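Results of the structural survey
Given next are the chains, with one letter for each unit.
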Amino acid sequence: MASETLVPRINEGWKQALKVEFAAPYFHTLKAFLLQEKATHTVFPPGNQIFAALDLCPPEKVKVVIVGQDPYHGPGQANGLCFSVAAGVRLPPSLQNIFKEIKTDLGCDNGKQGDLSSWARQGVLLLNTSLTVRAASPASHSNKGWEQFTDAVIRYLSAQKQGLVFLLWGGHARQKEKLIDSSRHFVLQAAHPSPLSAYNGFFGCRHFSQANKILLDQGREPIQWCL
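Throughout, residues of each chain are indexed from 1 in the direction in which the sequence is written. Only residues with pLDDT of at least 70 are given local features in this predicted model, and only at 80 or more are side-chain atom pairs given and counted; all residues enter the totals for whole chains, interfaces and linings. Values reported for side chains reflect all heavy atoms of the structure, with hydrogen atoms and water molecules removed beforehand.

1. Concerning the nonpolar core
- In terms of nonpolar packing, the biggest core is built from 66 residues, with Ile 66, Ile 98, Trp 119, Leu 125, Phe 149 and Trp 225 touching the most fellow members.
- In this analysis, two residues are considered to be in contact whenever any of their non-hydrogen atoms come within 4.5 Å of each other. Among residues more than four places away in sequence, those in contact with Ile 66 are Cys 82, Phe 83, Val 124, Leu 125, Leu 126, Leu 127, Leu 167, Trp 169 and Trp 225. Buried residues of nine kinds, namely Ala, Val, Leu, Ile, Met, Phe, Trp, Tyr and Cys, make up a nonpolar core once their side-chain atoms join them within 4.5 Å. Buried residues are those whose accessible area, probed at 1.4 Å on protein chains only, stays under 20% of the maximum for their type, while exposed residues exceed 50% and partly exposed ones sit between those limits.

Below is the structure:
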């Protein structure tokens with residue numbers, strides 16, 4: 001049973017951008033569900049990291065969006081950023097494959113450091129579509145309201161920003177393409193980096209160099225993908 005009551009942190013710009021969502025009936029229902037879950041189960045990530053993707057990457061800084069599914073469900077793994085793990089935690093297979101592609105694409109070795117906070121601070125929104133999960137139960141918080149909330153994040157960025165690069169890996173992420181105005185933004189798609197699918201089009205996609213070229217062509221700072 002979880003006893004942590006760490007207060008969620010979220011950037012003020014996102015608080016304002018999403019105030020309609022926070023006030024919506026579905027979000028109150030979601031909060032009630034999470035309180036019940038935390039009373040009877042362990043929930044990841046810790047409360048203060050649930051909105052880490054938004055907290056570390058304010059709306060005005062977003063340049064690249066990577067869409068994940070739900071947080072890692074093992075102890076100490078999830079830190080609120082999709083595909084990322086807390087410092088010192090063994091790299092999950094999907095993140096290992098992401099680093100393999102970065103090495104092939106850009107020539108740098110990210111080693112065993114799996115905390116992607118530095119990407120977030122540069123303007124990479126590492127957004128899972130569900131922001132919480134019950135321990136040892138993948139997808140356990142799907143269809144509870146998080147998807148409506150994170151879809152609103154993508155819609156907001158699509159409508160309010162220009163020239164963002166969306167990296168959609170795998171079928172789940174590609175479903176979000178319909179939320180993005182492709183006349184205003186760039187959408188790069190590939191297979192999921194999971195070992196089950198990475199060889200079906202993730203390896204060799206070169207999305208990291210492509211994203212940087214798109215940013216440079218707009219006169220914007222590229223992302224330092226090498227940790």
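2. Let's talk about the pairing of strand E3 (residues 124–128)
- We count a stretch as a helix when DSSP gives it H or I for four or more residues in a row; a strand needs E for two or more, and each element gets its number in order from the N terminus. With respect to burial, E3 is a largely interior element, five of its five residues being buried.
- Burial of the side chains of E3 extends over both faces: Val 124, Leu 126 and Asn 128 are buried on one face and Leu 125 and Leu 127 on the other.
- Sheet topology places strand E2 (residues 64–68) next to E3; five bridges connect them, and they run parallel. Within the sheet, the bridge partner assigned to Ile 66 lies in E3 and is Leu 126. Two strands qualify as a pair provided that DSSP identifies no fewer than 2 bridges between them.

3. Quick word on the state of the cysteines
- Throughout, disulfides are identified as pairs of cysteine sulfur atoms within 2.5 Å of each other. Counted by the stated rule, this structure contains one disulfide.
- For the unlinked cysteine Cys 57, the closest cysteine sulfur is that of Cys 82, found at 11 Å.
- With a relative accessible area of 0%, Cys 57 lands in the buried category.
- The closest cysteine sulfur to the non-disulfide-bonded Cys 205 is located on Cys 108, 14 Å from its own sulfur.
- Classification of Cys 205 by relative accessible area gives buried; the value is 11%.

4. Description of the side chain of His 141
- Within the element layout of this structure, His 141 appears in the loop between strand E4 (133–134) and helix H7 (146–160).
- In terms of polar contacts, His 141 uses its side chain to reach the side chain of Thr 132, at 2.7 Å.
- For His 141, the contacting residues outside a window of four places in its chain are Phe 33, Leu 34, Glu 37, Val 43, Ser 130, Thr 132, Val 133, Arg 134 and Trp 146. Polar contact criterion, stated in full: a pair of N or O atoms within 3.5 Å, where within protein one must be able to donate a hydrogen and the other to accept it, and residues adjacent in sequence count only if both atoms are side-chain atoms.

5. Comments concerning the sheet that holds E3
- Pairing within the open sheet is parallel, and its four strands lie in the order E3-E2-E5-E6. The open sheet has two free edges, formed respectively by E3 and strand E6 (186–190), since each of these has just one partner strand. Across the sheet, the mean angle from the axis of one strand to that of its neighbour is 20°, orientation sign disregarded.
- Axes here mean lines fitted to C-alpha atoms, for a helix over just the part in contact, with angles spanning 0 to 180 degrees between N-to-C directions. Contacts from H7 reach E2, E3 and strand E5 (165–169) within the one sheet, and its direction differs from that of E3 by about 150°.

6. Some thoughts on the pattern of salt bridges
- Salt bridges are counted wherever a side-chain nitrogen of Lys or Arg sits within 4 Å of a carboxyl oxygen of Asp or Glu. According to the stated counting rule, one finds seven salt bridges in the structure shown.
- Note that Lys 15 is salt-bridged to Glu 12, the shortest N-O span being 3.9 Å. Taken together, the residues span about one helical turn, with Lys 15 and Glu 12 both in helix H1 (residues 12–17) at a distance of three residues.
- We note a salt bridge from Glu 37 to Arg 134, for which the minimum N-O separation is 2.8 Å. Residue Glu 37 is located in helix H3 (residues 25–40), and its partner Arg 134 is located in strand E4; the two are separated by 97 residues in the primary sequence.
- The class of Glu 37 is buried, set by a relative accessible area of 6%.
- The exposure class assigned to Arg 134 is partly exposed, which follows from its relative accessible area of 25%.

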